[in-house]
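Summary of the model geometry
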Amino acid sequence: MENFVFGRKEKPEEEFGVYKRALVARSTDEEILRKSQDGGVVTTLLSSALESGLVDGAITSGTDPANPWLPSPSVVTTRSEVVANAGTRYSLSPGLLALKDCMKLGLGKIAFVGTPCQVQAVRRIQKFLPKYANMLTLTIGLFCMENYSYDGLMIEKIQNELGLNLDDIEKINIKDKFLIRTKTGEIKEIPLEEAKKFVRPSCKNCSDFSAELADISCGGVGLKNWTYTVNRTDIGVDAFDNAVEEGLLEVEPTENFQASWIICILVGFSWG
Ligand SMILES: Cc1cc2nc3c(=O)[nH]c(=O)nc-3n(C[C@H](O)[C@H](O)[C@H](O)COP(=O)(O)OP(=O)(O)OC[C@H]3O[C@@H](n4cnc5c(N)ncnc54)[C@H](O)[C@@H]3O)c2cc1C
Ligand code: SF4
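As a convention, each chain's residues are numbered from 1 in the sequence order in which they are written. Whichever chain is written first is A, and whichever ligand is written first is 1; the rest continue in order. The predicted origin of the model limits local features to residues at a pLDDT of at least 70 and limits the giving and counting of side-chain atom pairs to 80 or more, whereas totals for whole chains, interfaces and linings rest on all residues. Where side-chain values are given, they derive from all heavy atoms of the structure, hydrogens and water being excluded.

**Quick notes on the overall build of the chain**
The cut-off we apply is this: Put simply, DSSP marks the helices as runs of H or I at least four residues long and the strands as runs of E at least two long, and each gets a number from the N terminus on. Note that the radius of gyration is over C-alpha atoms, with the globule rule given as 2.2 Å times the number of residues to the power 0.38. Only protein chains enter the calculation, and the probe is 1.4 Å; a residue is then buried if its accessible area is under 20% of its type maximum, exposed if over 50%, and partly exposed in between.
Looking only at helices and strands, the chain has 11 helices and 11 strands in total. In terms of C-alpha radius of gyration, the chain reaches 18 Å, essentially the compact-globule figure of 19 Å for 272 residues. Oriented by its inertia axes, the alpha-carbon framework of the chain measures out at about 50 × 45 × 35 Å. Counting over 272 residues, the chain shows a buried share of 50%.

Structure (structure tokens):
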């Protein structure tokens, strides 16, 4: 599949798949930074791609209003819709099911955001189902070590055991452990070992941490309010550069964030 996407295989010195450059970036927009999981790069890239006409819509993940924190595929066509879906939900969001909705809406060019396994599926669709190939214009992969069952993590552990009302939770992030911040600013923690039993079985055999087939891959890797960003293809570089030229992203070299680079190498290696 690497040959299909990049026209070549990974070189020995490429630590986490084929790529053109790696950077650390964050949004310059306060609202995006507040709502996003890390540095808001994914939300910024999608907004910029929509506003420049690079894409007509994007498949992201929203939540089901009746079941707070239950991810649900969500097709967005405006900046405000993209921003509303910012942040991470750590359960499966079957985004590819929304391809049909994109077709019904007549969207000619779309961006797709998803986990590395979903990006692999996107590439297989592009290779084997030409009907969708031209439509899937920009693929943004999220670094991913594990995905958790909603009933286990959110209902059994967080709602029933920790006693939190899911509607009261503002943000859930993983930085060595689960950090759950409520709307009143209280922080609850769950050690990763306690959540292990809720990991989806397919994740135990997964070998792609950094979405190695995406146009752009993004992860938090221990960073606070910054996104580790890997530009892998020409379209990925263009989408990123457009956002920088528009003043939407602030960029730092990865050398200033050595610990995250080491995490990428070690996790990518142990996963791969
Ligand atoms: C299941 C999962 C596990 C992850 N594990 C890791 C990890 O181990 N290490 C790491 O460094 N990073 C991990 N990430 C990525 C990280 O949480 C951030 O998404 C990433 O750093 C980008 O941050 P951002 O602020 O730029 O994204 P934002 O600007 O906040 O945008 C995030 C985008 O992701 C979409 N999204 C949210 N939840 C899902 C979902 N369940 N499925 C598909 N799309 C979704 C949103 O709709 C939004 O478009 C994981 C993400 C997911 C979904
Ligand atoms: S760990 Fe692998 S299989 Fe599990 S959701 Fe992430 S990319 Fe998919």
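We are not done yet, so read on.
**Overview of the pattern of salt bridges**
Let me state the cut-off plainly: The salt bridge criterion pairs a side-chain nitrogen of Lys or Arg with a carboxyl oxygen of Asp or Glu, the two atoms within 4 Å.
Per the stated rule, a full pass over the model turns up 15 salt bridges. Of the charged contacts, one joins lysine 175 and aspartate 38 as a salt bridge, the two residues approaching to 2.9 Å between their closest N and O atoms. Note that lysine 175 is positioned in the loop between strand 6 (169–174) and strand 7 (177–182) and aspartate 38 in the loop between helix 2 (30–35) and helix 3 (41–52), a separation of 137 residues in sequence. The buried category is assigned to aspartate 38, whose relative accessible area is 11%. A network of salt bridges, in which partner residues are shared, links Asp29, Glu31, Lys35 and Arg79.

**Here's the deal with the site of ligand 2**
Where we set the bar: Whether a residue is near a molecule or strand is decided by its heavy atoms; if any one of them lies within 4 Å of it, the residue is near. Note that Gly is not counted as nonpolar here; it falls among the polar residues with everything else outside the nonpolar set of Ala, Val, Leu, Ile, Met, Phe, Trp, Tyr, Cys and Pro and the charged set of Asp, Glu, Lys and Arg.
Taken together, the residues surrounding ligand 2 are Pro116, Cys117, Cys144, Met145, Glu146, Asn147, Cys203 and Cys206. Residue composition of the shell around ligand 2, grouped by class: 6 nonpolar, 1 polar and 1 charged.

**Considering the domain arrangement of the chain**
Filter applied, for reference: Each domain's extent is set by a domain assignment, obtained either automatically or from a database. Accessible area that two parts lose when put together, with a 1.4 Å probe and added across both, is what the buried area reports.
Domains assigned within the chain are domain 1 (2–6 + 17–147 + 202–271) and domain 2 (148–198). The centre of domain 1, based on its C-alpha atoms, is set 23 Å off from the matching centre of domain 2. Taken together, both faces of the contact between domain 1 and domain 2 bury some 1400 Å²; the carbon and sulfur share is 48%. On the domain 1 side of the contact with domain 2, Trp69, Tyr90 and Glu146 bury the most area, a combined 47% of that side's loss. If you look at where domain 1 meets domain 2, you find 2 salt bridges. For the side of domain 1 that touches domain 2, the residue count by class is 6 nonpolar, 8 polar and 2 charged.

**Remarks on the sheet that holds strand 6**
Rules: If DSSP finds at least two bridges between two strands, the strands pair. To get an axis, fit a line to the C-alpha atoms, keeping to the stretch in contact for a helix; angles then go from 0 to 180 degrees between the N-to-C directions. Only heavy atoms matter for contacts: two residues are in contact if any of them lie within 4.5 Å across the pair.
If you walk across this open sheet you meet the 3 strands as 6-7-8, and the pairing is antiparallel. Bordering the open sheet on either side are strand 6 and strand 8 (187–191), each of which pairs with just one other strand. Direction aside, neighbouring strands of the sheet carry axes that sit 15° apart on average. As defined by bridge partners, strand 7 adjoins strand 8 across 5 bridges and the pair is classed as antiparallel. Looking at strand 8, one finds that lysine 177 is bridged to proline 191. With respect to the sheet, helix 8 (residues 150–161) is in contact with strand 6, strand 7 and strand 8, its orientation differing from that of strand 6 by roughly 110°.

**Thoughts on the packing of helix 3 against helix 10 (residues 234–245)**
In helix packing, the relevant descriptors are the interaxial angle and the interaxial distance, both defined with respect to the helix axes. Selection criterion: When describing relative orientation, an angle under 35 degrees is termed roughly parallel and one over 145 degrees roughly antiparallel, while 65 to 115 degrees is termed roughly perpendicular and anything else oblique.
As a packed pair, helix 3 and helix 10 sit with axes 9 Å apart at the nearest point and diverge in direction by 90°. The orientation of helix 3 relative to helix 10 falls into the category roughly perpendicular. Two secondary-structure elements touch here, helix 3 through Thr44, Leu45 and Ser48 and helix 10 through Ala239, Phe240, Asn242 and Ala243. Counted by class, the contact of helix 3 with helix 10 contains 4 nonpolar, 3 polar and no charged residues.

**Some details on the packing of aromatic side chains**
Geometrically, a pair of aromatic rings is defined through the distance of the ring centres and the angle of the planes. Short version of the rule: Pairing of aromatic rings covers Phe, Tyr and Trp, the last through its six-membered ring, and needs centres within 6.5 Å; plane angles under 30 degrees mean stacked, over 60 mean edge-to-face, and all others mean tilted.
Scanning the entire structure with this criterion turns up 7 aromatic pairs. Judged by centre distance (5.1 Å) and plane angle (75°), the rings of tyrosine 148 and phenylalanine 178 are edge-to-face. Here phenylalanine 178 lies in strand 7 and tyrosine 148 lies in the loop between strand 5 (136–142) and helix 8, a separation of 30 residues in the sequence. Ring geometry for tryptophan 226 against phenylalanine 257: centres 5.5 Å apart, planes inclined by 55°, an arrangement best described as tilted. Residue tryptophan 226 is found in the loop between strand 9 (216–219) and strand 10 (227–231), and its partner phenylalanine 257 is found in the loop between strand 11 (249–253) and helix 11 (258–271); the two are separated by 31 residues along the sequence.

**Brief notes about the sheet that holds strand 3 (residues 67–76)**
In space, the 8 strands of this open sheet follow the order 3-2-4-5-9-10-1-11, with mixed pairing throughout. The open sheet has two edge strands, strand 3 and strand 11, and neither has a second partner. Strand-to-strand twist across the sheet, computed as the mean angle between neighbouring axes with direction ignored, equals 30°. Here strand 4 (residues 110–114) runs beside strand 5; their pairing, made up of 5 bridges, is parallel. For valine 113, the partnering residue across the bridge sits in strand 5 and is isoleucine 140.

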